[in-house]
Amino acid sequence: MAGCHACAALPPAKSNNTSSGTVRFTAEEFLTITSSAKDVQDLRCKLSPCEGIKRTVMSFLRCTRHLGIWRLRNRVQIETSAVLPQASSVCGFVRSKNTTANHARSEDYQFSTTQWRHMVIGVLAGTGAVLVYGIYRQQVQQAEPKSITELTSLTVSARDNEVKQTYPIFTRQDVTKHKTMAEGVWVTYKSGVYDITKFIDLHPGGKKIMLAAGGAIEPFWAMYAVHNQEHIYEMLEEYKIGELSPEDQKVATSDVSDPYGNEPLRHPVLKVNSLKPFNAEPPLEILSDNYLTPTEIFFKRNHLPVPEVDPKKFRLEIMGEGLKSIQLTLNDLKTKFTKHTVTATLQCAGNRRSEMNAVRQVKGLNWGMAAIGNARWTGVKLSDVLQYAGLPENTNAKHVQFEGLDKDVSGSPYGASISIRKALAKDGDVLLAYEMNGEDLSRDHGFPLRVVVPGVVGARNVKWLSKIIVSKEESKSHWQVNDYKGFSPSVDWDTVDFSTAPAIQELPIQSAITTPCNDDHIPADDGEVTVKGYAWSGGGQEVIRVDVSLDGGKTWQVAELTGEKQDEGQVWAWKLWQLTVPLPKGQKNVEIICKAVDNNYNVQPDTVAPIWNLRGVLNNSWSRVKVTIEPGSS
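Analysis parameters
Residues numbered from 1 in each chain as written. Predicted model: local features only at pLDDT ≥ 70, side-chain atom pairs only at ≥ 80, totals over all residues. Heavy atoms only, no water. Phe/Tyr/Trp six-rings, centres within 6.5 Å; stacked < 30°, edge-to-face > 60°. Helix = DSSP H or I, 4+ residues; strand = E, 2+ residues; numbered from the N terminus. Buried < 20%, exposed > 50% of the residue type's maximum accessible area, 1.4 Å probe, protein only. Pairing = 2+ DSSP bridges. Salt bridge = Lys/Arg side-chain N within 4 Å of Asp/Glu carboxyl O. Contact = heavy atoms within 4.5 Å. Polar contact = N/O pair within 3.5 Å; in protein donor to acceptor, adjacent residues only side chain to side chain. Core = buried A, V, L, I, M, F, W, Y, C linked by side-chain atoms within 4.5 Å.

Peer 1: Please give an account of the packing of aromatic side chains that cites residues and values.
Peer 2: Per the stated rule, a full pass over the model turns up twelve aromatic pairs. Ring geometry for Phe298 against Trp377: centres 6.0 Å apart, planes inclined by 80°, an arrangement best described as edge-to-face. Taken together, the residues Phe298 in the loop between helix H11 (284-287) and strand E10 (300-301) and Trp377 in strand E14 (residues 372-381) connect sequence positions 79 residues apart. Ring geometry for Phe337 versus Tyr388: centroids 5.1 Å apart, planes at 75°, classification edge-to-face.

Peer 1: A description of the pairing of strand E28 (residues 589-598) should follow, citing residues and the corresponding values.
Peer 2: With eight of ten residues buried, E28 lies mostly within the body of the structure. Inspection of the sheet shows strand E24 (residues 543-549) paired to E28 by six bridges, in the antiparallel sense. Across the sheet, Arg545 pairs through a bridge with Val597, a residue of E28.

Peer 1: Just give me the short version of the pattern of salt bridges, but keep the residues and values in it.
Peer 2: What the rule picks out here adds up to 15 salt bridges. For Asp429, the salt bridge identified is with Lys381, shortest N-O distance 3.7 Å. Here Asp429 is found in the loop between helix H15 (420-424) and strand E17 (431-436), whereas its partner Lys381 is found in strand E14, with 48 residues between them in sequence. For Lys381, a relative accessible area of 18% translates into the label buried. With its nearest N and O atoms 3.8 Å apart, the salt bridge here joins Lys476 to Glu473. Exposure remark for Lys476: the relative accessible area of 64% places this residue in the exposed category. Residue classification places Glu473 among the partly exposed positions, given a relative accessible area of 45%. Through salt bridges with shared partners, one network takes in Glu263, Arg266 and Asp444.

Peer 1: Tell me about the environment of Thr343, and please be specific about residues and values.
Peer 2: Of note, Thr343 is situated in strand E13 (residues 340-347). Sequence spacing of Thr343 and Ala375 is 32 residues, and the spatial spacing of their C-alpha atoms is 5.7 Å. Excluding anything up to four places from it in sequence, Thr343 contacts Tyr291, Leu292, Asn374, Ala375, Arg376, Glu564, Gln566, Trp572 and Ala573. Among the polar contacts listed, one links the side chain of Thr343 to the side chain of Glu564, at a separation of 3.4 Å.

Peer 1: Mind laying out the sheet that holds strand E4 (residues 179-180), listing which residues take part and the relevant values?
Peer 2: Read across the sheet, five strands follow the order E3-E7-E6-E5-E4 without closing on themselves; strand pairing throughout is mixed. Both outer strands of the open sheet, strand E3 (169-170) and E4, are each paired with one neighbouring strand and no more. One ladder, built from two bridges, connects E3 with strand E7 (residues 240-244); its direction is parallel. Counted as the bridge partner of Ile169 is Glu243 from E7.

Peer 1: Give me the nonpolar core: which residues, what numbers.
Peer 2: By size, the foremost hydrophobic cluster in this structure holds 56 residues, and its most contacted members are Leu432 and Ile468. With residues near it in sequence (within four places) discarded, Leu432 still touches Leu316, Gly379, Val380, Leu382, Val385, Leu449, Arg450, Val451, Leu465 and Ile468.

Peer 1: Got a sec to walk through unusual backbone geometry? Specific residues and values, please.
Peer 2: Going from Phe447 to Pro448, the amide bond is cis rather than trans, its omega being 10°. Omega for the peptide link from Thr515 to Pro516 comes to 0°, which places this bond in the cis form. Following the sequence through the fold, Pro516 ends up in the loop between strand E21 (510-515) and strand E22 (521-523). The residue Lys190 is not glycine, and still its phi comes out positive at about 55°. Inspection of the secondary structure assignment puts Lys190 in the loop between strand E5 (184-189) and strand E6 (192-195). Judged by relative accessible area, Lys190 falls into the exposed class, the value being 59%. Of note in this structure, Asp429 is not a glycine but carries a positive phi near 55°. By relative accessible area, which is 10% here, Asp429 ends up buried.

Below, the structure written as structure tokens:
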């Protein structure tokens, strides 16, 4: 080909070129052209006079760019012994076909007029380019060390004549950078990394899939068993973009020098309020999906490092007024006492504290509205255990104190106490629980044993229970004496006297909206909105009604309640509620409000300010959510 400097360097072909301008060469000949090319641009320049070849080569390279050929960073693995024979074989096939075509004068086999020319030369161009670039990158990789995050390899298999690609390698840190639609939504599954951005709008479960953005998807699939199907895995594979680095596939080893270095793994969906100690709550929009809150997303309130307890060595010590000191093993509790199960809601005293912070800053974790959960607890009654220990019916004791195995740096354990009346009441249902939702307690929830005091603030439900003390006095623990108490809005940290207020026990009536969420946008074309939430009252009182308003409290509608039927005075579990109502016409901004009423007609206060207190506890004001109605298509 006159004027082609690259082709001029080739030895003359054995067969003459035809007037149609066909090109014939072997793989070795093509490598002579490409061997000096440093990259795509250089290859483009070297082939520039040969427009037909250039177009074919560059077209092939563009098609293969998505395979990562031109983004190789650390190595390119080529089985060259398989490539060259295959390439030569292809060239032989090309010569044979082209010679036949010339003799037959048939345009079907002319490279200049059919797709054969571009396809075959493209294969040769791609093969040569991969070989050359692989050799080039291997030569310079020592001088240019790259991150593992873009490691790619390409293997040409001689056995099945297929090009097999292994994916780029990413770290978990890489994945966490992709949490939004703008940046792309990435998730991991086992060792794979997946870009599911284009699947978000197709997800049958709506945008709840965004909860997994930037992290592992397994915990969410574990919650929703419908994903455990082969076609789901196959669908996910279509979005695979890489593999996790070997380091990130391993579970990090604990740091024994850190008291928090051996903490249990937590569900990634949890909103973390503090890491050390660990305190977290689930996203509000999934809280009311289940009557029994899944253990993995049940709010976690820890005051100290989570202890690691050997159940075989565990001993529960019982002592105090009017009884003999005894020790019980976990097996003793499971075999010597009648097993009882109670469905009960636990709520942190600081639930909804963030709303108090919006009025005036308080001290404490910035809890949202999800520091509450409902579970089925199984264990033995505290009253049975105290009776077994010899507690007389006419005891002079006033309190039952509890101590946990979680301790501070001085060795002092977390502690709390409840009244003896509550502890011994036949309808009090106080449990020494060893199961939660049908399984052994998790470490975060008190394994192997905890106290469950239905109807009472979470702070008295001591986890990792190690000691029970029957006493005339309440616990001297900091968390009983100098915390978890309510005060007037006028009291500040200069004037507060914790000794003047009783410790919180039974909690007041409570309700909250879980969906829609604050600042949600609702299309006007929907015509209606479904409002969901939870409602609960302490002390075993039953929620009998939840009222919902979409006009700032001017008018109200009654929501539908769902939940288990429990005996009067022993209604320990929450009620879930929902209401579907038409969207207000002509309004862009809507405030949705809910309030609950219990069977003693206790109601929630309408605003936060009158019940504000310096510790930010006991917030049970009306729950308010502001949403925007997007204009409709009409």
